[in-house]
Amino acid sequence: MKKFLTILFGTSLLLSACAPATPAVETSHATATVAATEEAQVEPQAALTVQETPLPATVEAPIIDAPAIINIDMLDEVYGWGITESEVVRTNDGGVTWYNVTPQDLADAGYLVFSDFFDADHAWIQSPDMN
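Note that the structure is a prediction, hence the values are computed from the model and not measured. (Residues numbered from 1 in each chain as written. Predicted model: local features only at pLDDT ≥ 70, side-chain atom pairs only at ≥ 80, totals over all residues. Heavy atoms only, no water.)

Asks: Looking at this structure, I do not really get the environment of Thr-84. What am I missing?
Replies: Looking at where Thr-84 falls in the secondary structure, it is placed in the loop between strand 3 (80-83) and strand 4 (88-91). Put simply, Thr-84 and Ile-69 are 15 residues apart on the chain and 4.5 Å apart in space, counted from C-alpha to C-alpha. A polar atom in the side chain of Thr-84 sits 2.9 Å from the backbone nitrogen of Glu-87. (Helix = DSSP H or I, 4+ residues; strand = E, 2+ residues; numbered from the N terminus. Polar contact = N/O pair within 3.5 Å; in protein donor to acceptor, adjacent residues only side chain to side chain.)

Asks: Help me understand the side chain of Thr-97 in this model?
Replies: Positionally, Thr-97 belongs in the loop between strand 4 and strand 5 (98-100). Among the polar contacts made by the side chain of Thr-97, one reaches the side chain of Asp-93 at a distance of 2.8 Å. Excluding its chain neighbours within four sequence positions, the residues that come into contact with Thr-97 are Ile-63, Arg-90, Thr-91 and Asn-92. (Contact = heavy atoms within 4.5 Å.)

Asks: Sorry if this is basic, but what is going on with the pairing of strand 6 (residues 114-117) here?
Replies: A regular strand carries its side chains on alternate faces of the sheet. Where strand 6 and strand 7 (residues 123-126) come together, 4 bridges link them in antiparallel fashion. Bridged to Asp-116 within strand 7 is Trp-124. From the end of strand 6 to the start of strand 7, which pair antiparallel, there are 5 residues. (Pairing = 2+ DSSP bridges.)

Asks: Just to check I follow, could you spell out the pairing of strand 2 (residues 71-74) for this structure?
Replies: With 4 bridges joining them, strand 2 and strand 3 adopt antiparallel strand pairing. Residue pairing in the sheet places Asp-73 in a bridge with Trp-81 of strand 3. The turn joining strand 2 and strand 3, which pair antiparallel and follow one another in sequence, is formed by 5 residues.

So this is what it looks like as structure tokens:
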């Protein structure tokens, strides 16, 4: 577990170092005169509205508590896929919640499967036939 956390931490540092720098945004300030009557017409409640953050969509799959992920592929900050020793898992909230989305025909996942994750809803899993 300690080795996994070290690898996960190192990967996150590497990914954050490779992220493109945000370009500086130039803003131009235009001066405009506003009549005092127009300022009085602004409703004070409009400035106090709170915008809520939307919750992630619910996945129709069982939730896995603290999966021991062998391979992880995050598509962005929110969506990601993982492979454990026996399951294929996915997240839609940045890794806080993991869902078991293992296909019924996949007996064991682990180190032997090959995976390719296309987007938040589509993945290919290839498992070798040991017979």
